[in-house]
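Observations on the model geometry
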Amino acid sequence: MKELVEVIVKALVDNPDNVEINERVDKKTTILEVRVADSDMGKVIGKQGRIAKAIRSVVKAAAAKEDRKVIVDIMD
């Protein structure tokens, strides 16, 4: 899942070198913390959070195939 989010986010931002994704795993839940440059934050979130919601939907669908729960947090 981490690689999927990384590919999507790096395609959206102007500074792909500043993309950092931390993965924490519990029993059946994985939490992905996404950090980007301040100037790219709007591109990852999108108007009214539409881009962030779309990223979460894609990851949720991929995680459902593996019977896991994945949470994507976009950090400040």
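Scope of this entry: the structure provided in the associated data block.

About the thresholds
Per chain, residues are indexed from 1 in the order of the written sequence. Under the rules for a predicted model, residues below a pLDDT of 70 receive no local features and side-chain atom pairs below 80 are neither given nor counted, while totals for whole chains, interfaces and linings still include all residues. Based on all heavy atoms of the structure, the side-chain values leave hydrogens and waters out of the count. Numbering goes from the N terminus for both helices and strands, where a helix is a DSSP run of H or I of at least four residues and a strand is a run of E of at least two. A radius of gyration in this sense is built from C-alpha atoms; the matching globule rule multiplies 2.2 Å by the number of residues raised to 0.38. We call a residue buried when its accessible area falls under 20% of the maximum for its residue type, exposed when it is over 50%, and partly exposed in between, using a 1.4 Å probe and counting protein chains only. We call two residues contacting when some pair of their heavy atoms lies within 4.5 Å. Residue exposure ignores everything except the shown protein chains as possible cover, and the areas themselves are Shrake-Rupley values with a 1.4 Å probe.

Here's the deal with the overall build of the chain
Counting secondary structure elements, the chain contains three helices and three strands. Going from N to C terminus, the chain has its helices and strands arranged as α-β-β-α-α-β. On C-alpha atoms alone, the chain measures out to a radius of gyration of 12 Å, which is about the 11 Å that the 2.2 N^0.38 rule sets for 76 residues. Across the 76 residues that make up the chain, the buried fraction comes to 32%. Taking as baseline every contact in the chain between residues at least 6 positions apart, the subset at least 24 positions apart corresponds to 58%. Working note: accessible area of the chain is about 5,100 Å², and carbon and sulfur atoms make up 50% of it.

Regarding the environment of aspartate 76
Within the element layout of this structure, aspartate 76 appears in the segment after β3 (69-74). For the pair formed by aspartate 76 and aspartate 38, sequence separation is 38 residues and the distance between their alpha carbons is 7.8 Å. In this view, aspartate 76 contacts Arg35 and Met41; residues no more than four positions away in its chain are not counted.

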